[in-house]
Amino acid sequence: MKVFIIAIVLWWGDPAITPKTDSVEVETLHGKPLFFNTEEECQKHIDKNLAALKGFGRRVYPTANAVKAIYCIERNKT
């Protein structure tokens, strides 16, 4: 079964400190799995929780200068 999850891509102004992985996938919310059955549901969640998602990305990668993009990406539900 295919589901959609949220991926947050960050940006660094200095390539010398940019890590090999520049994104984080949001797997849970309040200890529960976070996934969506449609891309539309996923996008609505991003729109409603944009500031919190940006904050989460910045906490995972505190050296990043900014959040570059937030995507809904398709995954196989396991």
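What you are looking at is a predicted structure, and each value in this text was computed from that prediction instead of being measured. (Residues numbered from 1 in each chain as written. Predicted model: local features only at pLDDT ≥ 70, side-chain atom pairs only at ≥ 80, totals over all residues. Heavy atoms only, no water.)

A. Representation of the overall build of the protein chain within the structure. From N to C terminus, the protein chain includes two helices and five strands. Taken over the C-alpha atoms alone, the protein chain extends approximately 40 × 25 × 20 Å along its principal axes. Buried residues in the protein chain amount to 29% of all 78 residues. Within the protein chain, counting contacts between residues at least 6 apart in sequence, those at least 24 apart form 72% of the total. Charged side chains of the protein chain number 11 positive and 9 negative; the gap between the two group centres comes to 4 Å. (Helix = DSSP H or I, 4+ residues; strand = E, 2+ residues; numbered from the N terminus. Buried < 20%, exposed > 50% of the residue type's maximum accessible area, 1.4 Å probe, protein only. Contact = heavy atoms within 4.5 Å. Lys, Arg positive; Asp, Glu negative; His and termini not counted. Charge placed at Lys NZ, Arg CZ, Asp CG, Glu CD.)

B. The arrangement of the packing of aromatic side chains in detail. Summed over all chains, the structure comprises one aromatic pair. Residues Trp12 and Tyr61 carry aromatic rings whose centres are separated by 5.5 Å and whose planes lie at 85° to one another, so their mutual orientation is edge-to-face. Here Trp12 is found in the loop between β1 (2–11) and β2 (23–26), whereas its partner Tyr61 is found in the loop between α2 (50–60) and β5 (66–76), with 49 residues between them in sequence. Here the two residues Trp12 and Tyr61 agree in accessibility, since each one is buried. (Phe/Tyr/Trp six-rings, centres within 6.5 Å; stacked < 30°, edge-to-face > 60°.)

C. Spatial organisation of the side chain of His45. Mapped onto the fold, His45 is located in helix α1 (residues 39–48). The residues contacting His45, other than those within four sequence positions of it, are Ile6, Leu29, Leu34 and Phe36.

D. Looking closely at the environment of Asp14. As for its position among the elements, Asp14 is in the loop between β1 and β2. Since its relative accessible area comes to 36%, Asp14 is described here as partly exposed. Through-space distance from the C-alpha of Asp14 to that of Leu53 is 23 Å; in sequence the pair is 39 residues apart. There is a polar contact of 2.9 Å between the side chain of Asp14 and the backbone nitrogen of Ala16. (Polar contact = N/O pair within 3.5 Å; in protein donor to acceptor, adjacent residues only side chain to side chain.)

E. Just the sheet that holds β1, in detail. Strand order across the open sheet formed by three strands is β2-β1-β5, with antiparallel pairing between neighbours. Edge positions in the sheet fall to β2 and β5, since each of these pairs with one other strand and no more. For this sheet, the mean inter-axis angle between neighbouring strands, taken without regard to orientation, is 25°. Pairing of β1 with β5, which is carried by ten bridges, proceeds in the antiparallel orientation. The partner of Ala7 across the bridge, within β5, is Tyr71. (Pairing = 2+ DSSP bridges. Axes fitted to C-alpha atoms, helices over the stretch in contact; angles between N-to-C directions.)

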